[in-house]
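Chains, contacts and geometry: an overview
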Amino acid sequence: MDHIVTVQEAVTAFADFAEPTDAELDAIELEMPAILADVDLLDAQIITMDRTPSELDVRRIRRARRRLLTALAGQAATAHRGGAA
């Protein structure tokens, strides 16, 4: 029973050193274009799950897929140049 703590203590127990490092923030910033492009692609694909895709849907999916591939290529190129930790 001595392991019981208040919710406030449990939530803030590691707050002092749980902040992301600069390297982690840089890695997130590097990945953000790919994450956003992936979300766009998933949104476009989800819309067409319950219906036949229109020409506009097909173009949106194709554009989102191209944007994702471009973002991933840029991310890989930056990591290859040593921009990622």
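The structure this text deals with has already been given above.
Here is a short report on the structure shown in this document. (Residues numbered from 1 in each chain as written. Predicted model: local features only at pLDDT ≥ 70, side-chain atom pairs only at ≥ 80, totals over all residues. Heavy atoms only, no water.)

Compared with an ideal rise of 1.5 Å per residue, which puts 26 residues at 38 Å, helix H3 (residues 55–80) spans 37 Å between its outermost C-alpha atoms and is within 8% of the ideal. For H3, every residue scored as buried is listed here: Asp57, Ile61, Ala64, Leu68 and Ala71. Here the buried face of H3 lies against helix H2 (22–47). Taken from the residues just after H3, Gly82 is the one with a positive phi, measuring 95 degrees. (Helix = DSSP H or I, 4+ residues; strand = E, 2+ residues; numbered from the N terminus. Expected span 1.5 Å × (residues − 1). Buried < 20%, exposed > 50% of the residue type's maximum accessible area, 1.4 Å probe, protein only. Contact = heavy atoms within 4.5 Å.)

Now for H2. Compared with the 38 Å implied by 1.5 Å per residue over 26 residues, the 37 Å span of H2 between its first and last C-alpha is a close match. All of the buried residues along H2 are Leu30, Ala34, Ala37, Leu41 and Ala44. Elements in contact with the buried residues of H2: H3.

Function cannot be read off these values alone, since they describe shape.
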